[in-house]
Amino acid sequence: MLWKVPDFLSSLADMPVATSITAMPDHNRRKKPVIFSQKLFDDMMEDLMLGRPLHDICAGPHRPTLRSFYRWLQKSPALLPRYRQARELSADSLESTILSHIATMPEKADNATVSLFKLRFDMLRWVMARRAPKRYGERQTVEHTGQDGGPLHSIQRLIIDPATPGTTPPERQHLPPE
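All figures in this text were calculated on a predicted structure; none of them were measured in a lab.

Q: Would you mind showing me how to read the packing of helix 2 (residues 38–49) against helix 5 (residues 80–104) here?
A: Packed helices, taken two at a time, are described by the angle their axes make and the gap between the axes. Their axes nearest at 7 Å, the elements helix 2 and helix 5 cross at an angle of 30°. The pairing of helix 2 with helix 5 is recorded here as roughly parallel in orientation. Residue-level inspection shows Phe41, Asp42, Met45, Leu48 and Met49 of helix 2 in contact with helix 5, the latter providing Arg82, Tyr83, Ala86, Arg87, Leu89, Ser90 and Ser93. Of the residues belonging to the contact of helix 2 with helix 5, the class tally is 7 nonpolar, 2 polar and 3 charged.

So, in structure tokens, the structure goes:
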């Protein structure tokens with residue numbers, strides 16, 4: 001059985017397309033391998049501290065792929081503290097981004113503009129809370145510490161009333177009978 005194309009659909013096929021179609025980026029194309037150097041790593045950490053996403057940093061020319069970068073961190077655990085510090089410091093850069101967005105907000109705005117600014121603010125705040133949870137996170141923790149941040153020391157006293165029948169001092173509980 002043959003299907004007949006409706007007339008209105010056949011007329012759509014003859015119409016010119018107003019939008020241009022751009023080529024999809026080729027994510028399968030391999031980059032040339034990048035050999036680790038401390039200067040390259042430091043430059044990447046500086047970009048990360050400035051708030052650039054790691055994905056964008058690794059997409060640049062003469063930069064490793066994300067996979068290669070994570071392999072660097074696995075092979076050399078000494079790089080991890082610097083990476084963690086850069087991610088935490090990037091929250092400060094995102095904070096300044098929020099403040100600059102606030103400065104550019106118009107005095108009067110329609111609902112769509114307000115929603116857009118609120119969405120941007122919430123997204124940046126969410127990222128900041130993940131990168132520096134102690135400073136920008138919503139969870140508040142209360143820590144009990146002793147003197148100079150050390151552990152707490154407790155003193156317990158056990159008072160036994162010798163006049164009360166059936167009580168024996170703790171040091172006599174484990175002694176054999178006399």
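Q: Would you mind showing me how to read the confidence of the model for the protein here?
A: Detailed reading of predicted coordinates is not advised where the pLDDT is low. For the protein, the mean per-residue pLDDT works out to 79, and 72% of the residues sit at or above 70. Helix 1 (residues 7–13) is the least confidently modelled element of the protein, averaging 46 in pLDDT, while helix 2 averages 95, the highest of any element. Below a pLDDT of 50 lies the segment residues 15–24, which in the model reaches 0 contacts outside its immediate sequence neighbourhood of four places, other chains included.

Calculation rules
- Each chain carries its own residue numbering, running from 1 in the written order of its sequence.
- Under the rules for a predicted model, residues below a pLDDT of 70 receive no local features and side-chain atom pairs below 80 are neither given nor counted, while totals for whole chains, interfaces and linings still include all residues.
- As a convention, hydrogens and water are excluded, and side-chain values are obtained from all of the structure's heavy atoms.
- With axes taken as lines fitted to C-alpha atoms, and helix axes fitted only over the stretch in contact, angles between N-to-C directions fall between 0 and 180 degrees.
- Comment: elements are numbered from the N terminus, with helices defined as DSSP H or I runs of at least four residues and strands as E runs of at least two.
- Roughly parallel covers angles under 35 degrees, roughly antiparallel covers those over 145, roughly perpendicular covers 65 to 115, and oblique covers all other angles.
- Two residues form a contact once any of their heavy atoms are found within 4.5 Å.
- All residues other than Ala, Val, Leu, Ile, Met, Phe, Trp, Tyr, Cys, Pro, Asp, Glu, Lys and Arg, Gly among them, are scored as polar; the first ten of these are nonpolar and the last four charged.
- pLDDT is a residue-level measure of predictor confidence that goes from 0 to 100.

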